Amino acid sequence: PDVYLFTKFTLVRGEMVAFIAQLEIYRDGRWYSIVRYDTVHGEAHIDYLDPGGKEYDKVWLGVRAPYNKLYAAITAALRAEYQKHIVRWERQRGRR
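Residues numbered from 1 in each chain as written. Predicted model: local features only at pLDDT ≥ 70, side-chain atom pairs only at ≥ 80, totals over all residues. Heavy atoms only, no water.

One can find Arg79 in helix 1 (residues 68–95). Judged by relative accessible area, Arg79 falls into the exposed class, the value being 55%. It is 16 Å that separates the C-alpha atoms of Arg79 and Lys69, two residues lying 10 residues apart in sequence. (Helix = DSSP H or I, 4+ residues; strand = E, 2+ residues; numbered from the N terminus. Buried < 20%, exposed > 50% of the residue type's maximum accessible area, 1.4 Å probe, protein only.)

The sheet contact formed by strand 2 (residues 15–27) and strand 3 (residues 30–38) spans eight bridges and is antiparallel. When the sheet's bridge partners are listed, Tyr26 is paired in strand 3 with Trp31. Two successive antiparallel strands, strand 2 and strand 3, enclose a turn made up of two residues, where Asp28 displays a positive phi of approximately 55 degrees. Bridging between strand 3 and strand 4 (residues 45–49) involves four bridges; their strand directions are antiparallel. When the bridges of strand 4 are listed, Arg36 appears paired with Asp47. Taking the residues that link successive antiparallel strands as the turn, the strand 3-strand 4 hairpin has six residues, and the phi of Gly42 there is positive, at about 85 degrees. (Pairing = 2+ DSSP bridges.)

For the rest of this paragraph, the subject is the packing of aromatic side chains. Scanning the entire structure with this criterion turns up seven aromatic pairs. With 5.6 Å between their ring centres and 65 degrees between their planes, Phe19 and Tyr71 make a pair best called edge-to-face. With Phe19 in strand 2 and Tyr71 in helix 1, the pair connects residues that are 52 residues apart, well separated along the chain. Tyr71 matches Phe19 in its accessibility class, with the two residues each being buried. (Phe/Tyr/Trp six-rings, centres within 6.5 Å; stacked < 30°, edge-to-face > 60°.)

In short, the description is geometric, and any link to function would need to be established separately.
What follows is the structure in structure tokens.
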């Protein structure tokens, strides 16, 4: 497959206290991360990544732990809407 959803999460007593959900695509013999949802800074946010792998936008979601429901919604949305992220990334790639 040329699209991959990488996920990782930490549970404490059944509550999700941290997660990452990252959409990746395979192009030209390598994998590229194109969008990442995570809680690295203690609050859920989205990192939009350019074709060079650099973050060009961060959107704060205003949600703190526990993240169980948010994680379920995010992974479902990424599965349903992954193509729009690919189109955005491919457009940026064409501008380089």
